Amino acid sequence: MEEITEVKRKALEIARNIADHIKRGDFPEIEYPPNTQSNIAFDEEIGYTFDPKNYSKIRGSRVKSLKTLAGVLYGLSRALDHLESGLTMTKRDFYYVHKVERLKGTLFPQDQRETDSRIVLMELILGMPREAFSITSDPRGWIYGDIELIDRSGRVLRADQVGEMGYSVPPRPENIKFKRIGVKAVIAIEKVGPAKNMIELGIPEEYKIAIAILQGQASRSMRRFLRMLSDEGVPIAILTDLSPWSLRIAATVIYNSINSAHIPHLASPEARFIGILTDDVENGFFKDYQFALEPLTPADLKAAQDNLYLPNLQAEFWQKENRWFLEKKKKAEIEIFKAMSPSAKKLKELFLEYLREKLDEHLGISI
Amino acid sequence: MSDKVELEEISAADFFYRNKSLAGFDNSVRATYTIVRELVENALDAAEIAERPPKVEIILKEFREKKTGSLPWYKIVVADNGVGLGPEEIPRAFGRVFVSSKYRLVQSRGTFGLGGTMALLYGQITTSMPFKIISARLREPVYEITMNIDIKRNEPVVLDRKILKGISRSSFTIVESYFEGNYPRAKKKIVEYLHQTAIVVPYADISFLDPEGNLYVFPRSTDVMPERPKESLFHPKGVDLELLQRLIESTNTRTLKSFLVRHFQRVGEKTAKEVLKLAGLPPDKNPSKLTKEEISSLFHALKTYTKFLPPDPSVLSPLGADLFESGIRKELQPEFVKAVQRPPSVYEAHPFIVETAIAYGGQIRATGEIQLYRYANRIPLLYDVSSDVSYHIIKRIDWSNYGIKSPEDEPIVFFVHIVSTKVPFKTVGKEFIANVPEVAREIELGLRICARDLRLFLSRKRRKELLKRRYELFKIYYQIIAETLEELLGERPPIENLLHRLRVDIGEEYGGDNRGEEESS
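Residues numbered from 1 in each chain as written. Chains lettered and ligands numbered in written order. Predicted model: local features only at pLDDT ≥ 70, side-chain atom pairs only at ≥ 80, totals over all residues.

1. Some words on the nonpolar core
Residue and element names in this part refer to chain B.
Part 1 of the argument: Counting 101 residues, the largest nonpolar core has Leu39, Val78, Ala357, Ile358, Ala359 and Ile418 as its most contacted members.
Part 2 of the argument: For this core, the element with the most residues is helix α2 (residues 28–49), which contributes ten residues.
Part 3 of the argument: Two domains each provide a minimum of three residues to this core, namely domain 1 (12–218) and domain 3 (313–456). (Core = buried A, V, L, I, M, F, W, Y, C linked by C-beta atoms within 7 Å. Buried ≥ 20, exposed ≤ 12 C-beta atoms within 10 Å, placed from the backbone. Helix = DSSP H or I, 4+ residues; strand = E, 2+ residues; numbered from the N terminus. Domains from an automatic or database assignment.)

2. Thoughts on the interface of chain B and chain A
Part 1 of the argument: Listed per partner, the contact involves 18 residues of chain B and 19 residues of chain A.
Part 2 of the argument: For the side of chain B that touches chain A, the secondary-structure elements that each account for two or more residues are α12 (437–489) and α13 (496–508) of chain B.
Part 3 of the argument: Ranked by the residues each element gives to the side of chain B that touches chain A, the list is headed by α12 of chain B, at twelve residues. (Contact = placed C-beta atoms within 7 Å.)

3. Things to note about the pairing of strand β14 (residues 412–420) of chain B
All names here are of chain B.
Part 1 of the argument: In terms of residue burial, β14 counts as a mostly covered element, since nine of its nine residues are buried.
Part 2 of the argument: Side-chain alternation along β14 places Ile412, Phe414, Val416, Ile418 and Ser420 on one buried face and Val413, Phe415, His417 and Val419 on a second face that is also buried.
Part 3 of the argument: Where strand β11 (residues 350–360) lies against β14, nine bridges are found, and the strand directions are antiparallel. Within the sheet, the bridge partner assigned to Glu355 lies in β14 and is His417.
Part 4 of the argument: When strand β12 (residues 371–376) meets β14, the two strands line up parallel, connected through six bridges. Each residue of the ladder has a partner; that of Tyr375, found in β14, is His417. (Pairing = 2+ DSSP bridges.)

4. Quick word on the sheet that holds strand β6 (residues 147–150) of chain A
All names here are of chain A.
Part 1 of the argument: A sheet is described by the order of its strands in space; here three strands give the open sequence β7-β6-β9, paired in antiparallel fashion. If you trace the sheet from one side to the other, it starts and ends with β7 (156–158) and β9 (177–181), each paired once. Averaged over neighbouring strand pairs, the angle between their axes works out to 25° when direction is ignored.
Part 2 of the argument: The sheet contact formed by β6 and β7 spans three bridges and is antiparallel. Among the inter-strand pairings, Leu149 is bridged to a residue of β7, identified as Leu157. (Axes fitted to C-alpha atoms, helices over the stretch in contact; angles between N-to-C directions.)

5. Examining the packing of helix α5 (residues 183–200) of chain B against helix α10 (residues 321–332) of chain B
All names here are of chain B.
Part 1 of the argument: At a closest axis distance of 6 Å, the pairing of α5 and α10 adopts a crossing angle of 140°. One way to sum up the angle between α5 and α10 is to call them oblique. For the pair formed by α5 and α10, the contact residues are His195, Ala198, Ile199 and Val200 on the first element and Gly327, Ile328 and Glu331 on the second.
Part 2 of the argument: Looking at the contact of α5 with α10 residue by residue, the class counts come to four nonpolar, two polar and one charged. (Parallel < 35°, antiparallel > 145°, perpendicular 65-115°, else oblique. Nonpolar A, V, L, I, M, F, W, Y, C, P; charged D, E, K, R; others polar.)

6. Here we look at the sheet that holds strand β1 (residues 55–64) of chain B
Residue and element names in this part refer to chain B.
Part 1 of the argument: As summarised here, the arrangement of the eight strands in space is β5-β4-β3-β6-β2-β1-β7-β8, forming an open sheet in which the pairing is mixed. In this open sheet, the two strands that pair with only one neighbour each are β5 (155–165) and β8 (215–218). Ignoring which end each strand starts from, the neighbouring axes of this sheet average 15° apart.
Part 2 of the argument: Alignment of β1 against strand β2 (residues 73–80), held across seven bridges, turns out to be antiparallel. Its bridge partner being in β2, Leu60 is matched across the sheet by Ile76.
Part 3 of the argument: Relative to strand β6 (residues 172–180), helix α4 (residues 117–127) is tilted by about 35°, and along the sheet it contacts β2, β3 (131–136), β4 (142–150) and β6.

7. Regarding the environment of Gln112 of chain A
Residues and elements named next belong to chain A.
Part 1 of the argument: Mapped onto the secondary structure, Gln112 falls in helix α4 (residues 112–126).
Part 2 of the argument: Sequence separation between Gln112 and Arg92 is 20 residues, and the spatial gap between their C-alpha atoms is 7.1 Å.
Part 3 of the argument: In this structure, Gln112 is in contact with Lys91, Arg92 and Tyr95, ignoring residues within four places of it in sequence.

8. With respect to helix α7 (residues 220–231) of chain A
All names here are of chain A.
Part 1 of the argument: Its twelve residues place the ends of α7 16 Å apart at the C-alpha level, agreeing with the 16 Å of an ideal helix rising 1.5 Å per residue.
Part 2 of the argument: With respect to burial, α7 is a largely interior element, nine of its twelve residues being buried.
Part 3 of the argument: Taken as a whole, α7 has its buried residues at Arg220, Ser221, Met222, Arg223, Arg224, Phe225, Leu226, Arg227 and Leu229.
Part 4 of the argument: For α7, the secondary structure elements touched by its buried residues are β5 (142–144), β10 (185–189), β11 (209–213), β12 (236–239) and α8 (244–255).
Part 5 of the argument: Directly beyond the C-terminal end of α7, a positive phi value near 90° is found at Gly233. (Expected span 1.5 Å × (residues − 1).)

9. Overview of the packing of helix α7 (residues 256–263) of chain B against helix α8 (residues 269–279) of chain B
Residue and element names in this part refer to chain B.
Part 1 of the argument: Look at α7 against α8: their axes get within 9 Å of each other, and the N-to-C directions meet at 125°. It follows that α7 is oblique to α8 by the angle criterion. Crossing of α7 over α8 shows right-handed handedness. From α7, Leu256, Lys257, Leu260 and Val261 reach across to α8, where they touch Glu269, Ala272, Lys273, Val275 and Leu276. (Left-handed = near helix turned anticlockwise from the far one by under 90°.)

10. Examining unusual backbone geometry
Part 1 of the argument: Backbone torsion omega between Gly275 of chain A and Ile276 of chain A reads 0°, so that peptide bond is classified as cis.
Part 2 of the argument: Mapping Ile276 of chain A onto the fold places it in the loop between β13 (272–275) and α9 (278–282).
Part 3 of the argument: One non-glycine residue, His265 of chain A, lies in the positive phi region at around 65°.
Part 4 of the argument: Summarising the element assignment, His265 of chain A is placed in the loop between α8 and β13.
Part 5 of the argument: For His265 of chain A, a count of 13 C-beta atoms within 10 Å translates into the label partly exposed.
Part 6 of the argument: With a phi angle near 70°, Arg378 of chain B is a residue other than glycine that sits in the positive phi range.
Part 7 of the argument: One can find Arg378 of chain B in the loop between β12 and β13 (379–381).

11. Remarks on the environment of Lys8 of chain A
Part 1 of the argument: Summarising the element assignment, Lys8 of chain A is placed in helix α1 (residues 2–24).
Part 2 of the argument: Considered as a pair, Lys8 of chain A and Leu76 of chain A are 68 residues apart in the sequence and their alpha carbons are 9.0 Å apart.

12. Thoughts on the confidence of the model for chain B
Residues and elements named next belong to chain B.
Part 1 of the argument: In the predicted model, chain B carries a mean pLDDT of 86, and 88% of its residues have values of at least 70.
Part 2 of the argument: The low-confidence segment residues 1–6 (pLDDT under 50) makes zero contacts with residues lying over four places distant or belonging to another chain.
Part 3 of the argument: Note on residues 99–103: pLDDT is under 50 here. Beyond four places in sequence and across chains, it has four contacts. (pLDDT = per-residue confidence, 0-100.)

Take a look at the structure:
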């Protein structure tokens, strides 16, 4: 509720400012810090941060930005309306609230990109993530393990007792409070299949670890949730494929991304990327299983080339990992465990052996 | 004359009869158009000589239907409000193909100096019908004379003479004639000719009832007429050997010196002496005693003497920018029109004045072609536009400098009017102007001056449109903003103040008065 008040306060402040200008016969303006490169800083220790030095103005005196100004105001009015009614909307919904009869010829959008970019603008103007003003994504990401939390409705939930995949991380995890954390670490896993296997094999319960299922690139809500756990002192380990994309997945959990750099508290700089690393394939755990590697697709290769220039991958570690793709043109997937042994019993041993080695090496945790 | 003479002397009428194409009668379509044109020019001249705004009525009717192997016959009636002619003048004025014996120089309208007589002659040749002239001077009887022309002898033959009315309360002339022609195919050109004439003679009332029953009316837009041209002497550089010989034959001066001073402009005693010295002729020699060789050396001296002042342009009668614009406005109803009269200039000792105009927008439509109206001595030129020097100049100018992407695809019409004692036509057909550098230069300068005004007009217009579009856009966006603010704050801010600011911006373009008020308030 506090948050609603804050959004409302800011939105009405903007509205009043515009109204005052109009009453005086002046053209209204909205000042905001744009998410341009000059306003985004990167620091290995804390990830991407938004550090506004330059401000832009949306001017009601210019044809082009007048549409933006009207759009932002309209967007805020829709957001407040939803917020006060306790409704959320997706980006697609937000696009549709512009596809109304009376906006034809003005704010009626050509496609969703138009309204999507307006959402980012609203985030920058309000200084809040869109989830705060009711625009959420479909939830993606689960956490399974011995963690007791209190959700926004006030219910106490245990993350290993709410379904096969655990607790589905809500779009706006800010409201969650941790009641008790009974795990030594959280392992954030890119892929659903291997993560589910670990749960099915009883590893979380037996070894007091939690499994966070990312399902690809970690959603903003998942990243925020991991950061909250990290802030609670829980060590975070990241387990992904060995591929150019997975480098980005790991780096985004640790450093946040350029696109959401203006949203604070999404980076978990304490998190450690434990695997799969090139060394695992070259000299380590999987060195005898190089036959199970996959070739890079052209898209993979292109991603590896782009990785050369991403600000959050400039450290020697990331560049060394990335060079391996460019040289070997191969990748490894977490499913490689199945290639080591098709037997279910053996699988658990292999998982444990790998996790033990890695958690110890990167986080100093023994299980 | 002996039987052995091979050269046959023929009359001017006979000459015309044998060389119809020279005068624009080469086929029935062209002849139909030329007849209308010649009679209308005659009628306009008659009123202009009387210094009254012309009122010309034309009726063209089918007189005998088309038969196999022959074209229809038409009856043409052209009435004017000129001074009118007396009974003895009529046969002379209409009954002879007129060979110019003018020894004085003046700008005249008739393309060939032969007036409507050739038109009447053509009718006589094709139908063997006599023609009829009805005319009256003010407060004199109205005469009706039926006549034809003796082609061989080039003389009028009066067949009948009647007095229709004792006293006429107005002066007028009506010409009635019959000819074999082809109106359906000439129609477009005739109507176009009248339309273009109405532009260049905006002080004339012209109406035309055609054989199909269509009535075309071109009312005058003004009573103001341009000044009549003044007659003047020939400029020594503007005469040819033939004319010089005729002047010498007819002069009654006694010495060469006084001959030159009396018959030429820009020649005083001193100049005459210098010219004769150059010719090697004694100043007091009697002109009638000159030999062929001596005439030739006098002619040569006139051509080579370099110190004559340029010819006197007062013989010219241009239309003037105001009348030109008035005519264009009434016939084309453009949004913009600008006419320019260039100062007098000279080519080959012939004075000339170029008038140009540009009209844009309004009722004018783009046609995909350059729209160019050309006039020579107030007569529209309707043929061979793409050979005309003006056409090439328009093609050559980069119109994008003047805010026009392509003159073919925009509602723009160009006008070029040349008045001269000798219009530099390229061919004997007299339908287009040759590329004479002095003339071309004036045409281009004139068009460019008009174009500069057009550019200013267009940029103002476009800027105004831009501001107007901006205003409309702002209006709808601020309406949305106001509605949204009402929803958020429960109060709708008045957007009128803001919009007023924009409206003032638009007004500024033409008014400008509001601005100071706005700033001080």
